[in-house]
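# Report on the structure
Each chain is listed here by its residues.
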Amino acid sequence: MPLQTSDQRWAAQAAAGDESAFRELYRAHVRPVYWIAQGILASSADAEDVAQETFVVAWRKLPGLELQGESILPWLATICRFQAANRLRQRRRDQAHTAEAVDETLLPDTVSVEEQVITAELAARIAQEVGTLSELDREIFRLCASEGYAYQAAAEKLGVTHAVVRNRLSRVRTQLRGAVTEARDA
């Protein structure tokens, strides 16, 4: 039997009702989901709400999920885009019912299909690139970039030096930036 990725294992356990596995998925992916929402909504408060709503929906839908690929991020990105589109529609409804409506030109009319495809492709490309990292690099990336650990805290948790975390994370970020630039230029 092939080895499962963390996402595959956590998704299967969470689908069976394991809340701690779902917390691991949340910790691993809440920041990228937030960034996707922020990119669509241009509002930190709305992006935080949409990120939370994304995971509420994901928890409900996990039992029916058949994870395609090694990462759950593309699926979460899709849920996030739908939640963000709902939030944009709600903003427009609220503005229509408010006498002091904000200038409608500040809000995009829709989340374009092209934007959705680019966001999904970008999430998939990032997930693919993260999948090529060594186990240590993936853990460093997860702890520092996804969970917000300081370099020293991550180093202590992983049993390596501060310099190892700093240098490897710098290399990983450079690799991911290259992948993102490649994906955008394609």
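These figures come from a predicted structure and were not determined experimentally.

Let us now look at the packing of aromatic side chains. Each pair of aromatic rings is reported with the distance of its centres and the angle of its planes. Per the counting criterion, the structure on display carries three aromatic pairs. Between F22 and F55, the ring centres sit 6.2 Å apart and the planes meet at 75°, which makes this aromatic pair edge-to-face. Taken as a pair, F22 in helix α2 (residues 19-41) and F55 in helix α3 (residues 44-61) lie far apart in primary sequence, 33 residues in all. We classify F22 as buried; its relative accessible area is 13%.

It is worth spelling out the nonpolar core at this point. Ranked by size, the top nonpolar core spans 29 residues in total, and within it F22, L25, V33, L41 and L62 carry the most contacts. Of all the secondary-structure elements, those providing two or more residues to this core are α1 (6-15), α2, α3 and α4 (73-96). What L25 contacts, discounting residues up to four positions off in sequence, is D7, W10, A11, A14, F55, L62 and I72. If you look at the next biggest cluster of nonpolar residues, it comprises 13 residues, including V130, V165, L169 and V172.

Right, let's get into the pattern of salt bridges. Tallying each qualifying case throughout the model produces five salt bridges. Residue D49 is joined to R87 by a salt bridge in which the shortest nitrogen-to-oxygen separation is 3.3 Å. With D49 in helix α3 and R87 in helix α4, this pair connects stretches of sequence that are 38 residues apart. The partner of D137 in a salt bridge is R168, and the shortest N-O contact between them spans 2.7 Å. Residue D137 is found in helix α6 (residues 135-146), and its partner R168 is found in helix α8 (residues 162-185); the two are separated by 31 residues along the sequence. Exposure remark for R168: the relative accessible area of 25% places this residue in the partly exposed category. Shared partners join several salt bridges into a network, and the residues in it are D46, D49, E53 and R87.

Okay, the environment of A15 next. Positionally, A15 belongs in helix α1. Look at A15 and you get partly exposed, because its relative accessible area is 25%. Not counting residues within four places of it along the chain, the set of residues in contact with A15 comprises L62 and P63.

Once that is clear, we can look at the confidence of the model for the chain. Detailed reading of predicted coordinates is not advised where the pLDDT is low. With 80% of its residues at a pLDDT of at least 70, the chain reaches an overall mean of 80. Element-level mean pLDDT values for the chain span from 66 in helix α5 (residues 113-131) up to 91 in α3.

We now examine the side chain of D137. Relative accessible area serves as the criterion here: at 10%, D137 is assigned to the buried category. Each residue touching D137, except ones within four places of it in the same chain, is listed here: R168 and V172.

Between α1 and α2, the shortest axis-to-axis distance is 7 Å and the interhelical angle comes to 135°. Relative to α2, the element α1 lies oblique. Where α1 crosses over α2, the two elements pack in a sense that is left-handed. Note on element contacts: α2 touches α1 through A21, F22, E24, L25, A28 and H29, opposite D7, W10, A11, Q13 and A14. When grouped by side-chain class, the residues that make up the contact of α1 with α2 number seven nonpolar, two polar and two charged.

Criteria and thresholds
Residues numbered from 1 in each chain as written. Predicted model: local features only at pLDDT ≥ 70, side-chain atom pairs only at ≥ 80, totals over all residues. Heavy atoms only, no water. Phe/Tyr/Trp six-rings, centres within 6.5 Å; stacked < 30°, edge-to-face > 60°. Helix = DSSP H or I, 4+ residues; strand = E, 2+ residues; numbered from the N terminus. Buried < 20%, exposed > 50% of the residue type's maximum accessible area, 1.4 Å probe, protein only. Core = buried A, V, L, I, M, F, W, Y, C linked by side-chain atoms within 4.5 Å. Contact = heavy atoms within 4.5 Å. Salt bridge = Lys/Arg side-chain N within 4 Å of Asp/Glu carboxyl O. pLDDT = per-residue confidence, 0-100. Axes fitted to C-alpha atoms, helices over the stretch in contact; angles between N-to-C directions. Parallel < 35°, antiparallel > 145°, perpendicular 65-115°, else oblique. Left-handed = near helix turned anticlockwise from the far one by under 90°. Nonpolar A, V, L, I, M, F, W, Y, C, P; charged D, E, K, R; others polar.

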